[in-house]
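Chains, contacts and geometry: an overview
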Amino acid sequence: MAITIERFGKHRSQLGESPRWDEEKACLWQMDCRAGKIFRFERTTGSLLTCLDVPAPCGSLALNADGDLIVALKETLLRMSPDGSRSETLARIDDSHSNLRLNDSVGMADGSLIVGTMHVFRASGEAPLGGLYRLTPNSALQQVDSGIAVTNGPCVSPISGRFHVCDSAAREIYSYAIDTEGQLTDKKLFATTNELASSPDGCCFDTEGGLWTALVHAAAVVRYDPEGKLTHRINLPLSHPAGICFGGAGLDELFVTSISDSGRLRAEGPFDGATLRISGGNFRGNAQPRTQIAPSSADCGS
C-alpha cells in the first residue's frame, strides 16, 4: 500500500481515545479520557473547533441522531448538547470500584448504545467487575455480558453482522451474534494479538469486512480479514496508538488517536499523544449508525 501518515492538527492528548467521524458536520470528535476533555476538529487541518469539559476519568462518546453526544463517564452515561450548554445523566451501572470505569462504546443500528467497562489493578484470580451494557433508546440499561477485564473497540461487521469487541487485558478479540432484541449471543474467539506483543485497543471495520485495530503496545495498526487472519500492518511514528476510525469525505482515511500519559502508559516522542491521519490505503469505512437515545425527562438542564 502506498500510504501517507501525517499529523492531524497540533493537539496533544494524555489519553487520546474515541475518535468519531461526524459525516453531517464533516469533522472529527475525540476525547482525552484522562483530562476529561471532548474535542471537535476541523476536517482538513485538524484545527480545534470545540472543547468541552466532563468529569475525569471518562471513557468514550457516541453521536446521537439529534446531534447530542452520549458520553460514558466513570460509572454513568451522560447526554450532552454539542456545545456543552445542557446535560443530563441517563443511567448508572450497578458496580462501583475505584479501579472500575466505563470505557469504549458503539452506536448500534437499532439506536441503542453498547458500552463496556475496564477493571484494572485486580488481584491474581480476581474476576473483573462490570462487563458489557446496552443502553436502549429509552435509556434502560441492561448488562449483556460479563467477565471482560478491559473493553475496547466494539464494532459491528458489515459482512457478517456480528458484534466484535476486544478484551485488551486478555489480548483477545471476540465476536457475538446479535438477536432480535439486541442481546449478544454465540460468543466466539475471533483473533488474538499475543504473537504481535501487544493488546488490541480501538477497532473499526472497512467495507470488505476487515477489522482494523490499534496495537497499543506495538506502535502499529493491523487489519484482520473476516476469518480473523492478519492481512496488513502499518507501523506508526508513535508509541501507543489507542483509538481508530475511518473518516474523511470518502471515508477512506484512518484517524488514529494516541497516548502520551495514561497513568499506566507513557511516551515522550514528538507524535505521542497526537492524532494521525493515514491515507492512500485503498480501504474505505462504513457510515456508522447514530444512537437514538431519547431524553430521559422533559427538562434536560444541567
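Residues numbered from 1 in each chain as written. Predicted model: local features only at pLDDT ≥ 70, side-chain atom pairs only at ≥ 80, totals over all residues. Heavy atoms only, no water.

1. What about the nonpolar core?
If you look at the biggest cluster of nonpolar residues, it comprises 20 residues, and the most contacted ones within it are Trp29, Met31, Ile38, Leu69 and Val71. Those elements giving two or more residues to this core turn out to be β3 (27-32), β6 (60-63), β7 (69-72) and β8 (76-80). Among the elements that line this core, the one with the most residues is β3, at three residues. Filtering out sequence-adjacent residues up to four positions away, leucine 69 remains in contact with Trp29, Ile38, Leu52, Ala62, Leu63, Leu78, Arg79, Met80 and Pro82. (Core = buried A, V, L, I, M, F, W, Y, C linked by side-chain atoms within 4.5 Å. Buried < 20%, exposed > 50% of the residue type's maximum accessible area, 1.4 Å probe, protein only. Helix = DSSP H or I, 4+ residues; strand = E, 2+ residues; numbered from the N terminus. Contact = heavy atoms within 4.5 Å.)

2. Some remarks on the environment of glycine 16
Residue placement: glycine 16 occurs in strand β2 (residues 16-22). Judged by its relative accessible area of 0%, glycine 16 is buried. On a C-alpha basis, the gap between glycine 16 and aspartate 272 in space is 9.7 Å, while along the polypeptide they are 256 residues apart. With near-sequence residues (within four places) excluded, glycine 16 lies in contact with Gln30, Met31, Ala242, Gly243, Thr257 and Ser258.

3. Section: the environment of threonine 45
Tracing the chain through its elements places threonine 45 in the loop between β4 (37-42) and β5 (48-53). Spatially, the C-alpha atoms of threonine 45 and lysine 10 are 9.1 Å apart, while their sequence positions differ by 35 residues. With sequence-adjacent residues up to four places away left out, threonine 45 is seen in contact with Phe8 and Gly9.

4. Focus on the layout of surface pockets
Estimates place the volume of the largest pocket at around 810 Å³. Listing elements by their share of the lining of the largest pocket, those giving two or more residues are β2, β6, β10 (100-107), β14 (151-156), β18 (200-205) and β22 (241-247). Classifying every residue of the lining of the largest pocket gives 23 nonpolar, 14 polar and eight charged. Considering only enclosed or pocket space, the second largest pocket measures out at about 660 Å³ in volume. (1 Å grid on protein atoms, 1.4 Å probe; cavity = no way out; pocket = protein on both sides within 12 Å on 5 of 7 lines; lining within 4 Å. Points joined across faces, edges and corners; volume = space filled by probe spheres on them. Nonpolar A, V, L, I, M, F, W, Y, C, P; charged D, E, K, R; others polar.)

5. Quick notes on the sheet that holds strand β12 (residues 132-135)
To summarise the sheet geometry, strands pair through backbone hydrogen bonds and adopt either a parallel or an antiparallel arrangement. Taken in spatial order, the four strands make up an open sheet running β10-β11-β12-β13, and their pairing is antiparallel. Of all the strands in the sheet, the pair left with one neighbour each is β10 and β13 (141-145). The mean angle between the axes of side-by-side strands here comes to 30°, regardless of whether they run parallel or antiparallel. Pairing of β10 with strand β11 (residues 113-119), which is carried by six bridges, proceeds in the antiparallel orientation. When the sheet's bridge partners are listed, serine 105 is paired in β11 with valine 115. (Pairing = 2+ DSSP bridges. Axes fitted to C-alpha atoms, helices over the stretch in contact; angles between N-to-C directions.)

6. A short note on the pattern of salt bridges
Per the counting criterion, the structure on display carries 19 salt bridges. With a shortest N-O distance of 3.4 Å, aspartate 104 and arginine 20 are connected by a salt bridge. Highlighted residues: aspartate 104 in strand β10 and arginine 20 in strand β2, separated in sequence by 84 residues. Residue class for aspartate 104 comes out buried when judged on its relative accessible area of 8%. A salt bridge links glutamate 24 to arginine 290, with the shortest nitrogen-to-oxygen separation between them at 3.8 Å. In this pair, glutamate 24 sits in the loop between β2 and β3 while arginine 290 sits in the segment after β24 (276-279), placing the two residues 266 residues apart along the sequence. (Salt bridge = Lys/Arg side-chain N within 4 Å of Asp/Glu carboxyl O.)

7. Here's the deal with unusual backbone geometry
A cis amide bond, omega 0°, links alanine 56 with the succeeding residue proline 57. Mapped onto the secondary structure, proline 57 falls in the loop between β5 and β6. Here the phi dihedral of serine 139 falls at roughly 70°; this positive angle occurs in a residue that is not glycine. Locating serine 139 in the fold gives a position in the loop between β12 and β13. Non-glycine residue arginine 171 carries a positive phi angle of around 60°. Among the secondary structure elements, arginine 171 is positioned in the loop between β15 (163-167) and β16 (172-178). When its relative accessible area of 23% is taken as the criterion, arginine 171 is described as partly exposed.

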